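# Remarks on the overall topology
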Amino acid sequence: MTSRFTELVVDCHDPERLAAFWCAVLDFKVIDRSEGKVEIGSWEPTVEEVRASQMPPTLMFIRVPEGKTVKNRLHLDVSPIDCSTNDEVARLLGLGAAKVDVGQGPDRSWVVMADPEGNEFDVMRTLAPSN
(Lines give C-alpha, C1' and ligand atoms only; values in the text may rest on other atoms or scores of the structure.)
Protein backbone atom coordinates (compact mmCIF):
# COMPACT_ATOMS: atom_id res chain seq x y z
CA MET A 1 0.00 0.00 0.00
CA THR A 2 1.16 3.52 -0.77
CA SER A 3 -0.08 7.04 -1.40
CA ARG A 4 0.65 9.58 -4.12
CA PHE A 5 1.55 13.26 -3.71
CA THR A 6 -1.24 14.69 -5.87
CA GLU A 7 -1.78 18.34 -4.87
CA LEU A 8 -0.02 21.09 -2.97
CA VAL A 9 -2.66 23.37 -1.43
CA VAL A 10 -2.07 27.07 -0.79
CA ASP A 11 -4.45 29.00 1.46
CA CYS A 12 -4.98 32.53 0.13
CA HIS A 13 -7.34 35.50 -0.13
CA ASP A 14 -7.60 35.57 -3.94
CA PRO A 15 -7.31 32.13 -5.60
CA GLU A 16 -7.82 33.52 -9.12
CA ARG A 17 -5.01 36.06 -8.74
CA LEU A 18 -2.52 33.56 -7.27
CA ALA A 19 -3.44 30.90 -9.82
CA ALA A 20 -2.83 33.38 -12.65
CA PHE A 21 0.53 34.38 -11.11
CA TRP A 22 1.71 30.78 -10.73
CA CYS A 23 0.41 29.81 -14.19
CA ALA A 24 2.63 32.56 -15.62
CA VAL A 25 5.61 31.50 -13.46
CA LEU A 26 5.39 27.78 -14.25
CA ASP A 27 3.64 27.72 -17.65
CA PHE A 28 0.76 25.79 -16.04
CA LYS A 29 -2.90 25.99 -16.99
CA VAL A 30 -6.08 26.08 -14.94
CA ILE A 31 -7.44 22.54 -14.80
CA ASP A 32 -10.32 23.05 -12.36
CA ARG A 33 -12.11 25.88 -10.63
CA SER A 34 -15.08 26.20 -8.35
CA GLU A 35 -16.28 28.69 -5.77
CA GLY A 36 -13.21 29.79 -3.78
CA LYS A 37 -10.85 27.25 -5.37
CA VAL A 38 -8.59 27.13 -8.43
CA GLU A 39 -6.39 24.16 -9.39
CA ILE A 40 -3.52 24.51 -11.85
CA GLY A 41 -1.06 22.03 -13.32
CA SER A 42 1.14 20.97 -16.17
CA TRP A 43 -1.22 18.11 -16.98
CA GLU A 44 -4.80 17.11 -16.28
CA PRO A 45 -4.63 14.17 -13.88
CA THR A 46 -6.71 11.06 -14.33
CA VAL A 47 -7.19 8.43 -11.65
CA GLU A 48 -5.59 5.81 -13.92
CA GLU A 49 -2.40 7.84 -14.51
CA VAL A 50 -2.05 8.73 -10.83
CA ARG A 51 -2.51 5.10 -9.80
CA ALA A 52 0.07 3.96 -12.40
CA SER A 53 2.97 6.18 -11.28
CA GLN A 54 3.92 9.32 -9.41
CA MET A 55 3.14 12.32 -11.59
CA PRO A 56 3.88 16.00 -10.96
CA PRO A 57 1.50 17.36 -8.32
CA THR A 58 -0.93 20.14 -9.11
CA LEU A 59 -1.21 23.40 -7.17
CA MET A 60 -4.55 24.24 -5.59
CA PHE A 61 -5.39 27.70 -4.29
CA ILE A 62 -8.19 27.86 -1.74
CA ARG A 63 -9.79 31.01 -0.35
CA VAL A 64 -9.48 31.43 3.44
CA PRO A 65 -10.45 34.43 5.58
CA GLU A 66 -7.21 34.81 7.55
CA GLY A 67 -4.01 36.33 6.18
CA LYS A 68 -0.46 35.01 6.20
CA THR A 69 1.29 35.90 9.46
CA VAL A 70 4.71 34.17 9.55
CA LYS A 71 7.36 32.76 7.24
CA ASN A 72 6.18 29.69 5.34
CA ARG A 73 7.19 26.32 6.76
CA LEU A 74 7.01 24.89 3.23
CA HIS A 75 7.98 26.68 0.04
CA LEU A 76 8.53 26.08 -3.66
CA ASP A 77 11.88 26.22 -5.44
CA VAL A 78 11.81 27.15 -9.12
CA SER A 79 14.65 26.93 -11.65
CA PRO A 80 14.63 28.95 -14.89
CA ILE A 81 14.97 26.72 -17.95
CA ASP A 82 15.71 29.20 -20.74
CA CYS A 83 17.27 32.30 -19.16
CA SER A 84 19.62 33.32 -16.38
CA THR A 85 18.54 33.40 -12.75
CA ASN A 86 18.78 37.21 -12.79
CA ASP A 87 16.61 37.45 -15.92
CA GLU A 88 14.01 35.16 -14.32
CA VAL A 89 13.99 37.23 -11.13
CA ALA A 90 13.35 40.34 -13.25
CA ARG A 91 10.49 38.56 -15.07
CA LEU A 92 8.94 37.44 -11.78
CA LEU A 93 9.19 40.96 -10.35
CA GLY A 94 7.24 42.12 -13.39
CA LEU A 95 4.55 39.51 -12.67
CA GLY A 96 4.05 40.85 -9.15
CA ALA A 97 6.61 38.95 -7.06
CA ALA A 98 8.90 40.72 -4.59
CA LYS A 99 12.38 39.99 -3.28
CA VAL A 100 12.29 39.20 0.45
CA ASP A 101 14.78 38.75 3.25
CA VAL A 102 14.13 35.73 5.48
CA GLY A 103 17.62 35.78 6.94
CA GLN A 104 19.29 34.00 4.03
CA GLY A 105 22.32 36.32 3.91
CA PRO A 106 23.88 38.00 0.88
CA ASP A 107 26.17 35.21 -0.39
CA ARG A 108 23.55 32.72 -1.54
CA SER A 109 23.24 31.26 -5.02
CA TRP A 110 19.44 31.51 -4.88
CA VAL A 111 17.05 34.44 -4.60
CA VAL A 112 14.22 34.42 -2.06
CA MET A 113 11.03 35.96 -3.40
CA ALA A 114 7.37 36.19 -2.40
CA ASP A 115 4.29 35.80 -4.55
CA PRO A 116 1.60 38.52 -4.58
CA GLU A 117 0.18 37.27 -1.24
CA GLY A 118 3.57 37.03 0.47
CA ASN A 119 4.23 33.28 0.15
CA GLU A 120 7.99 32.78 -0.05
CA PHE A 121 9.65 30.81 -2.83
CA ASP A 122 13.22 30.48 -4.10
CA VAL A 123 14.59 31.06 -7.57
CA MET A 124 17.42 28.57 -7.92
CA ARG A 125 20.26 28.25 -10.42
CA THR A 126 19.38 28.34 -14.09
CA LEU A 127 18.93 25.10 -16.01
CA ALA A 128 19.33 26.87 -19.36
CA PRO A 129 21.98 25.39 -21.62
CA SER A 130 25.24 27.31 -21.47
CA ASN A 131 26.62 28.67 -24.72
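Predicted model, so just to flag it, every value in this text is computed and none were measured. (Residues numbered from 1 in each chain as written. Predicted model: local features only at pLDDT ≥ 70, side-chain atom pairs only at ≥ 80, totals over all residues. Heavy atoms only, no water.)

Per the UniProt record, "domain: Glyoxalase-like" (unreviewed entry) is found at residues 8–123. Secondary structure content for residues 8–123 is 25% helix and 30% strand, while the C-alpha to C-alpha distance between its ends is 18 Å. (UniProt positions renumbered as here; feature names shortened; annotations may be inferred. Helix = DSSP H or I, 4+ residues; strand = E, 2+ residues; numbered from the N terminus.)

What follows deals with helix α3 (residues 85–95). Buried within α3 we find Thr85, Glu88, Val89 and Leu92. Viewed end-on, α3 has its buried residues packed into an arc of 100 degrees, placing them on one side of the element. Residues Asn86 and Gly94 are exposed on α3 and point more than 90 degrees away from its buried face. On its buried face, α3 sits against α1 (15–26), β6 (98–99), β7 (111–114) and β8 (120–123). Gly96, located one to two residues past α3, shows a positive phi value of around 115 degrees. (Buried < 20%, exposed > 50% of the residue type's maximum accessible area, 1.4 Å probe, protein only. Arc of directions from axis to C-beta. Contact = heavy atoms within 4.5 Å.)

Turning our eyes to something else, we now look at the nonpolar core. Within the largest apolar cluster, 22 residues are counted, with the highest numbers of intra-cluster contacts made by Trp22, Ile40, Phe61, Leu92, Met113, Phe121 and Val123. Considering each element in turn, this core owes the most residues, six residues, to α1. Not counting the four nearest positions on each side in its chain, Phe61 is found in contact with Val10, Cys12, Pro15, Leu18, Ala19, Trp22, Gly36, Lys37, Val38 and Ile40. (Core = buried A, V, L, I, M, F, W, Y, C linked by side-chain atoms within 4.5 Å.)

Our focus in this paragraph is α1. For α1, which comprises 12 residues, the first-to-last C-alpha distance of 16 Å matches the rise-based estimate of 16 Å (1.5 Å per residue) to within 8%. Taken as a whole, α1 has its buried residues at Pro15, Leu18, Ala19, Phe21, Trp22, Cys23 and Val25. Count one or two residues on from α1 and you reach Asp27, which has phi positive near 60 degrees. (Expected span 1.5 Å × (residues − 1).)

Here the focus is the sheet that holds β6. Overall, mixed pairing links the four strands, which are arranged β5-β8-β7-β6 in an open sheet. Because the sheet does not close on itself, it has two edges, and the strands there are β5 (76–78) and β6. As paired strands, β5 and β8 are joined by three bridges and run parallel to one another. Directly across from Leu76, in β8, lies its bridge partner Phe121. Together, β5 and β8 form the strand contacts of α1, whose direction differs from that of β5 by roughly 35 degrees. (Pairing = 2+ DSSP bridges. Axes fitted to C-alpha atoms, helices over the stretch in contact; angles between N-to-C directions.)

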